[in-house]
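Summary of the model geometry
Each chain, letter by letter, is given below.
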Amino acid sequence: MAARFELLVFDWDGTLLDSAGAIVGAINAACRDLGLPIPGEERSRHVIGLGLREALRHAVPDLPESRYPLIVERYRHHYLLHDHELQLFDGAAALIAELAGAGFLLAVATGKSRAGLDRALRASGVGACFHASRCADECFSKPHPQMLAQLMDELSVEPGRTLMIGDTTHDLQMARNAGVACLAAAYGAHPAAALDALGPLARFQEIEEMARWLRKNA
């Protein structure tokens, strides 16, 4: 049977990299540094996947515009303290290597900066498996479809042959905006009910469950 999809696009944080806790912690620490109220856990997790400035604007909506560069700097400071400790979810590296070996085109669409993603890809050991990537400092932030549109154009793949895999409603809404099917990783940042509302083909609680679905259906 011919493969249903040609291009598999993965989000990074919360989908392949177990980083949601570090992101929430860095947001909270940045707010403490500036004497700001600490956002609740739900608000902080909701912004994961957005570009950094967009994320912090949502997390701290009452902050004057003139202070956003400072909170961005403090966030980066605290995140980078722990960046080297972060690991891929169990089974993620094996899945990416398996998919690459099976001949899929693989890409990343992420709210990270280019420098941040390049650093993460080098540390992950699977960077060579990916054919292309787009970051939030190169495109409009999710859920705008630009990241997916550019990846499909670069790799010459139609929307009907593209699958987006992510752990947030931002990922899934971006897929819908681009006319692309999606899968939901419910082990990441956003709750299952919110992901289900956006109509993914399937939702998973762990990487191995996703791997089984992809072997059978992709």
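Right, let's walk through the structure included here. Values in this document were obtained by computation on a predicted structure and should not be read as measured data.

A word on the overall build of the chain. Secondary structure summary: the chain contains 10 helices and six strands in total. Taken over 218 residues, the chain has a buried fraction of 54%. Counted over contacts in the chain with a minimum sequence separation of 6, partners at least 24 positions apart contribute 62%. A total accessible area of about 9700 Å² is found for the chain, and carbon and sulfur atoms account for 52% of it.

Let us look at unusual backbone geometry. Cis geometry is adopted by the peptide bond preceding Pro-143, which originates at Lys-142 and carries an omega value of 10°. The phi angle at Ser-156 is positive, at roughly 55°, despite the residue not being glycine. Counting through the fold element by element, Ser-156 comes out in the loop between α7 (146-155) and β4 (162-166). The class of Ser-156 is exposed, set by a relative accessible area of 64%.

Turning our attention to helix α6 (residues 114-124). Looking at α6, one finds that the buried residues are Gly-116, Leu-117, Ala-120, Leu-121 and Ser-124. The arc enclosing the buried residues of α6, seen along the axis, measures out at 130°, which places them on a common side. Turned more than 90 degrees from where α6 packs its buried face, Ala-115, Arg-122 and Ala-123 sit exposed. Just past α6, the residue Gly-125 takes up positive phi, approximately 85°.

Attention now moves to the sheet that holds strand β3 (residues 132-134). With parallel pairing, six strands are arranged side by side in an open sheet as β3-β2-β1-β4-β5-β6. If you trace the sheet from one side to the other, it starts and ends with β3 and β6 (203-204), each paired once. In this structure, strand β5 (residues 181-185) lies alongside β6, joined through two bridges in parallel fashion. Following the sheet pairing, Ala-185 is matched in β6 by Phe-204. Against the sheet, α7 touches β1 (7-10), β2 (105-109), β3 and β4, its axis set at about 160° to β3.

Right, let's get into the packing of aromatic side chains. Per the stated rule, a full pass over the model turns up four aromatic pairs. For the ring pair Trp-12 and Phe-130, a centre distance of 6.3 Å and an interplane angle of 70° mean the geometry is edge-to-face. Of this pair, Trp-12 sits in the loop between β1 and α1 (20-33) while Phe-130 sits in the loop between α6 and β3, placing them 118 residues apart in sequence. There is no split in this pair, since Trp-12 and Phe-130 are both buried. Across the ring face of Tyr-68, the terminal group of Arg-57 is positioned such that the distance to the ring centre comes to 5.1 Å.

Basis of the calculations
The written sequence of each chain sets the order in which its residues are numbered from 1. This being a predicted model, a pLDDT of at least 70 is required before a residue's local features are given, and a value of 80 or more before pairs of side-chain atoms are given or counted; all residues contribute to the totals for chains, interfaces and linings. Side-chain numbers come from the whole structure's heavy atoms, not from hydrogens or water. Where helices and strands are cited, they refer to DSSP runs of H or I of at least four residues and of E of at least two residues respectively, numbered from the N terminus. Buried, partly exposed and exposed residues are distinguished by accessible area as a fraction of the type maximum, computed with a 1.4 Å probe on protein chains only: under 20%, between the cut-offs, and over 50%, respectively. By definition in these notes, contact holds between two residues if any of their heavy atoms fall within 4.5 Å. Per-residue accessibility takes into account occlusion by the displayed protein chains alone, with areas from the Shrake-Rupley method and a 1.4 Å probe. Think of it as the arc spanned by the lines of direction from the helix axis to the C-beta atoms. Criterion used throughout: strands pair if DSSP finds at least two bridges between them. Only C-alpha atoms enter the line fits that serve as axes; for helices the fit covers just the stretch in contact. Angles between N-to-C directions range over 0 to 180 degrees. Side-chain rings of Phe, Tyr and Trp, where Trp is taken by its six-membered ring, are said to pair if the distance between their centres is within 6.5 Å; with planes under 30 degrees apart they count as stacked, over 60 as edge-to-face, and otherwise as tilted. Two limits define a charge over a ring: the Lys NZ or Arg CZ must be within 6 Å of the ring centre, and within 35 degrees of the ring normal.

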